[in-house]
Structures are given as C-alpha cells and as structure tokens.
Amino acid sequence: MKKVDVVLGLQWGDEGKGKVVDVLTPNYTVVARFQGGPNAGHSLHFGDKSFVLRTVPSGIFRDGSINVIGNGVVVDPVSLTEELKNIAAQGIPVKEKLLISKKAHIILPTHRMLDAASEAAKGKSKIGSTLKGIGPTYMDKTGRNGLRFGDVISKDFIERYNRLKSKHVEMLSQYKGFEYDVTEYEQTWLEGIEYLRGFKFIDSEQVVNDFINDDVAILAEGAQGSLLDVDFGTYPFVTSSNTVCAGVCTGLGVAPTKIGDVYGIFKAYCTRVGSGPFPTELFDETGKELGRIGHEFGAVTGRPRRCGWLDLVALKYAVMVDGVTQLIMMKSDVMNDFDTIKVATGYKINGEVVNHFPYELTDDLEPVYTEFKGWKCDICKVRRYEDFPAEFKEYVEFIEKETGCPIKIISVGPDREETIIR
Ligand code: GDP
Ligand code: IMO
Ligand code: MG
C-alpha cells in the first residue's frame, strides 16, 4: 500500500503550489485536487510556456499522469471547459487524463451572483472574495441543496437546476438594488455541462483507494493556504473549504492513516490578496519592492497582492495543524538585493510577547522581528545547496530550527529548472 503525499500552501495562498506540483509530478502517477475551485490560480512555467490552472490539477502537462478532481472541489463548468480547451489545444489528451468525481459540487451562475451580492452588501467589511461563487456553492453543499457531477447524467438534471436557480433568484431579491442578468452566462454554462459530459465521472473515493491499494503514487494538491482555512484561518476573512491537510481526507475519501509525506510550501516572505489581518504587512518601499520584484499580482483577479515579511508564528501554526513533514521555500530570489531581511518570531499583544497564533489578529498586535543580513547576490543560477551564500543558508537554517521541520526544496525562480532539491 502506498500512502498519499500532500502539497499544501502554508500562508494565504499563492505560495507556488502549481510550480511545486509540476516539479514533483515525475514521482507520481496521479495528481488530485481535494478542495477549492476556480478561486485558485496555479501558475506553471516550463520552457517558453506559461499556464494558469484553476480547477485542473497541476500534473496535467506531465506525460502519463492521471488527474483527479475530487469530491471536495467545487467546479464551474464554464471555467473548467475554458481551461480544458486551452490545455487540449497544446495536444494534451485531456479526456484521457482527467477524471471528475461524481460527488464534486457544481457552481451555478446564480452562485456567482450570490457571491457578488453578498460581498457588495458587506461594504467595507467585505472578504475580498474572488467572486467565483465558492462560498455560496459550499453553503448549498452543507445546506444539502447542491447539484453534483453525478446529477448531470440524470434525466431530471435541468429540472433540478431550475429548482435551485429559483431558490437563488428568491435569495437575490433580498439584496435591494443588486442588479444582475445571467442569461448569457447561463447559456455558456449549459454548453460547458454538455462539453464536460464527454469526460469520465467517477466514484473518486473508490478509484483513489484502489490506486492506494495497487501501490500507485498519488499526490494531493491543495489550493489556497492554511491561513485561509474555514476553521483555522483568519475567520471570517477565509475561503469556505478546509485547506489544511485534513481536507485531503474529506475531499478525496482518503483515511488519515493513509496520508504520507506532507509538503508545506511557503514564500520566503509573505503575501495576501483580499481583506483580513496580516501582521507583518509592509506599507513602505520594501513592501512595494517585494510586490514589484515578485510580480505579486493575483493569477485569477490581477489584484495587487499585499506583501510583508515572513511570519514564523503563523508558519509554525500551519506546520502544526497540517502535520508538515518537510518544507519547501519559494521565491527566495525576490530578496536578492535586500540589505536586511526580517522575520516575525513573536507577537506583542498588550505589552506581552506571545509565540502562538492567537484567536484574533487584532490591529494593536505588533510583530517582534529577528533581523538577518541580506545575501546581496543573484541566487537564481544556484543549483546545489552548498553553493548558496552563507547569509542565505543562515536564513534557511533559522527557519528550520524555529519550525522544527527540514526545508527540502528551495525555489529560486518560476521555471521548473530553477529548483534545488536537497
Ligand atoms: P499558487 O497559487 O500557489 O500555485 O501560486 P501562484 O501561481 O498564484 O503564484 C506564484 C507565482 O510565483 C507565480 O507567478 C509563479 O510563476 C511564481 N514563482 C513560483 N516560484 C517562484 C520562485 O521561486 N521565484 C520567483 N521569482 N517566482 C516564483
Ligand atoms: P491559490 O490556490 C490567494 C482569497 C480571496 C479572498 C478569500 C475568499 O491560487 O493559492 P473566495 O473566492 O474563496 O471566496 O475568497 O480567499 N483566496 C485566495 N488568495 N490564493 C488563492 O488560491 C485564493 N483563493 C481564495 O482573495 O480573500
Ligand atoms: Mg494562486
């Protein structure tokens, strides 16, 4: 029996999960998404090609890989169809390589409208959702109203769709002044459903467990990050799924005893897109530099990402909740020219320093920093750990000591090749 390895973002998303999954895929036959939906944007770069994947697992471009959209994912037929047609245009046989769980829930056009209406009504306290309908779809899932891929083949699918849509229309009428028109989008949505009928809808928990028993190597690919988890993140400024490791169990039907290595990915600094607390956020030139050099703009929405120093209090919390067995550090190259690099090792709350992640990250919380001397040279061409400058190694080893977790992979650029495996 082979266990399922897991790749998870440990911060507020966009850590570089897409790149890492693509790099690790040669070691795996199956790549499976277990939560989230098209709110994700996972970038892949190889050779002169670049792609942003939203719902399709990041293993799709590797020869011979099987890619599973698990039951815990919410799928927008419009977005998934567009994505698959783009990938198919590259000569990738998507219909052979992609399997969709019958239990994955479907995002309706009116779910997107409900997301937009809810955010508009929240005004200043809005979550900063990607507006892809994620929250309302998970609400219908837990409210036991949702439509699933397995329903697509049933005779009364359209009737059921119309019933749920009517319910949404009724709900939308509560949002006074919110205007919308889904007619055109609904047409594209129905075309998407038709296109996706040509794919294999599977009992994914059975298929995944058969793979496990047959010793097939599986990698579970997380979306978002642990600090956006609906239970453990900075609630209410979170997404609506369990992004932590436990999400693999419920989102794929994998028993906890069958989880293997947990790869926790973090940026050498920190970013966040959307609203919500961010203790180490920088509002000065350094913050702008991180954003400029790191090209920190949302892969889905294009929104500028907020940038700041690495937060070890939050990172340690994610390592704990996720049971991370090895760390992967991304985008270290972005800080090549920095004189000084800071890392938060505690929070000062009411004059007292705490080292654990508190219930609430209040505005008066002050990060306590440890400073490091910058390495001040280009590390993009380095391919062996021994060849990194001493200042860089000091940074890496400090993080390992604080988290109690080895950093096994270091990424120094967006390309597949710009990766050091220790
Ligand atoms: P994901 O959502 O976790 O897959 O991450 P995104 O794709 O949204 O954002 C990560 C961005 O950083 C993408 O544009 C990647 O191409 C880029 N990237 C990944 N690793 C590195 C790295 O080591 N250095 C640099 N400079 N860019 C990287
Ligand atoms: P990947 O997988 C970064 C953020 C949104 C918003 C909050 C809720 O690319 O790392 P939602 O649309 O889920 O209702 O938005 O979560 N968010 C992400 N931020 N990366 C993501 O995905 C994200 N998916 C959602 O910006 O603050
Ligand atoms: Mg992303």
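Above this note sits the structure.
Just so it is clear, the model here is predicted, and its values are computed rather than measured. (Residues numbered from 1 in each chain as written. Chains lettered and ligands numbered in written order. Predicted model: local features only at pLDDT ≥ 70, side-chain atom pairs only at ≥ 80, totals over all residues. Heavy atoms only, no water.)

1. Structural notes on the side chain of K19
Thought 1: If you trace the backbone, K19 turns up in helix 1 (residues 17–24).
Thought 2: We note that K19 is buried and unpaired, the nearest opposite charge coming from E418 at a distance of 5.5 Å.
Thought 3: Within the local environment of K19, its side chain forms a polar contact with the backbone oxygen of E418, the two atoms lying 2.9 Å apart.
Thought 4: Other than its neighbours up to four places away in sequence, K19 contacts S43, M330, S411, G413, P414, D415, E418 and T419. (Helix = DSSP H or I, 4+ residues; strand = E, 2+ residues; numbered from the N terminus. Buried < 20%, exposed > 50% of the residue type's maximum accessible area, 1.4 Å probe, protein only. Lys, Arg positive; Asp, Glu negative; His and termini not counted. Salt bridge = Lys/Arg side-chain N within 4 Å of Asp/Glu carboxyl O. Polar contact = N/O pair within 3.5 Å; in protein donor to acceptor, adjacent residues only side chain to side chain. Contact = heavy atoms within 4.5 Å.)

2. Brief notes about the coordination of the magnesium ion (ligand 3)
Thought 1: Every protein donor of the magnesium ion (ligand 3) is listed here as D14 (OD) and G41 (O), and their distances to the metal cover 2.1 to 2.2 Å. A residue pair is termed long-range when its members are at least 10 positions apart, and D14 in the loop between strand 1 (4–9) and helix 1 and G41 in the loop between strand 2 (30–33) and strand 3 (42–46) qualify at 27 residues. (Donors = N, O, S within 2.8 Å, 3.2 Å for Na, K, Ca; no water.)

3. Some points on the site of ligand 2
Thought 1: Neighbouring residues of ligand 2: 20 residues in total, closest D14, K17, H42, T130 and T239.
Thought 2: Within the side chain of T130, one N or O atom sits 2.5 Å away from an oxygen atom of ligand 2.
Thought 3: For ligand 2, whose free accessible area comes to 550 Å², the fraction covered by protein is 97%. (Near = heavy atom within 4 Å. Areas by Shrake-Rupley, 256 points an atom, 1.4 Å probe, with all protein chains shown as cover.)

4. A look at the site of ligand 1
Thought 1: Around ligand 1, a shell composed of 20 residues is seen, among which G16, K17, S43, D333 and S411 lie nearest.
Thought 2: With respect to ligand 1, the side chain of D333 contributes an N or O atom lying 2.7 Å from a nitrogen atom.
Thought 3: Between an oxygen atom of ligand 1 and a main-chain N or O atom of G413, the distance comes to 3.0 Å.
Thought 4: If ligand 1 stood free it would expose 580 Å²; the protein chains cover 92% of that surface.
Thought 5: Looking at the shell around ligand 1, the elements with two or more residues in it are helix 1 and strand 3.
Thought 6: Taken together, the residues of the shell around ligand 1 sort by class into five nonpolar, eight polar and seven charged. (Nonpolar A, V, L, I, M, F, W, Y, C, P; charged D, E, K, R; others polar.)

5. Brief notes about the sheet that holds strand 15 (residues 326–330)
Paired through backbone hydrogen bonds, the strands of a sheet run either parallel or antiparallel to each other.
Thought 1: Reading across from one edge, 9-7-5-2-10-1-11-15-19-20 is the order of the ten strands in this open sheet, with mixed pairing throughout. Strands with a single pairing partner mark the edges of an open sheet, and in this sheet they are strand 9 (200–202) and strand 20 (419–421). For this sheet, the mean inter-axis angle between neighbouring strands, taken without regard to orientation, is 25°.
Thought 2: Pairing of strand 2 with strand 5 (residues 66–69), which is carried by four bridges, proceeds in the parallel orientation. Residue V31 lies in a different strand from strand 5, and its bridge partner there is N67.
Thought 3: Relative to strand 10 (residues 218–221), helix 9 (residues 204–213) is tilted by about 135°, and along the sheet it contacts strand 1, strand 2, strand 5, strand 7 (98–101), strand 9 and strand 10. (Pairing = 2+ DSSP bridges. Axes fitted to C-alpha atoms, helices over the stretch in contact; angles between N-to-C directions.)

6. Details of the environment of Y161
Thought 1: Inspection of the secondary structure puts Y161 in helix 7 (residues 157–172).
Thought 2: Look at Y161 and you get buried, because its relative accessible area is 2%.
Thought 3: In sequence terms Y161 and L108 are 53 residues apart; their C-alpha atoms lie 8.3 Å from each other.
Thought 4: Within polar-contact distance, the side chain of Y161 engages the side chain of E186 at 2.6 Å.

7. Some words on the packing of helix 4 (residues 109–122) against helix 7
Thought 1: For the pair helix 4 and helix 7, the least separation of the axes is 9 Å and the interaxial angle reads 15°. One way to sum up the angle between helix 4 and helix 7 is to call them roughly parallel. The way helix 4 lies across helix 7 gives a crossing that is left-handed. Across the interface between the two elements, P109, T110, H111, M113, L114 and A117 of helix 4 pack against Y161, K165, H168, M171 and L172 of helix 7.
Thought 2: Here the contact of helix 4 with helix 7 is built from residues that sort into seven nonpolar, three polar and one charged. (Parallel < 35°, antiparallel > 145°, perpendicular 65-115°, else oblique. Left-handed = near helix turned anticlockwise from the far one by under 90°.)

8. Observations regarding the nonpolar core
Thought 1: Grouped together as the largest cluster of nonpolar side chains are 59 residues, with contacts concentrated most on M329, M335, F388, Y395, I399 and I410.
Thought 2: At five residues, the largest contribution of residues to this core is made by helix 13 (residues 390–403).
Thought 3: Ignoring anything within four residues of it in the chain, the contact list for I399 reads F266, L310, L312, L315, M329 and I407.
Thought 4: If you look at the next biggest cluster of nonpolar residues, it comprises 33 residues, including I87, I193, F199 and F201. (Core = buried A, V, L, I, M, F, W, Y, C linked by side-chain atoms within 4.5 Å.)

9. Description of unusual backbone geometry
Thought 1: At the junction of Y235 and P236, the peptide bond is cis and its omega measures out at 5° in the coordinates.
Thought 2: Structurally, the position occupied by P236 is in the loop between strand 10 and helix 10 (246–252).
Thought 3: One non-glycine residue, Q224, lies in positive phi territory at about 55°.
Thought 4: According to the relative accessible area criterion, Q224 is buried, its value standing at 8%.
Thought 5: A positive phi is found at K331, a non-glycine position, where the angle reads about 60°.

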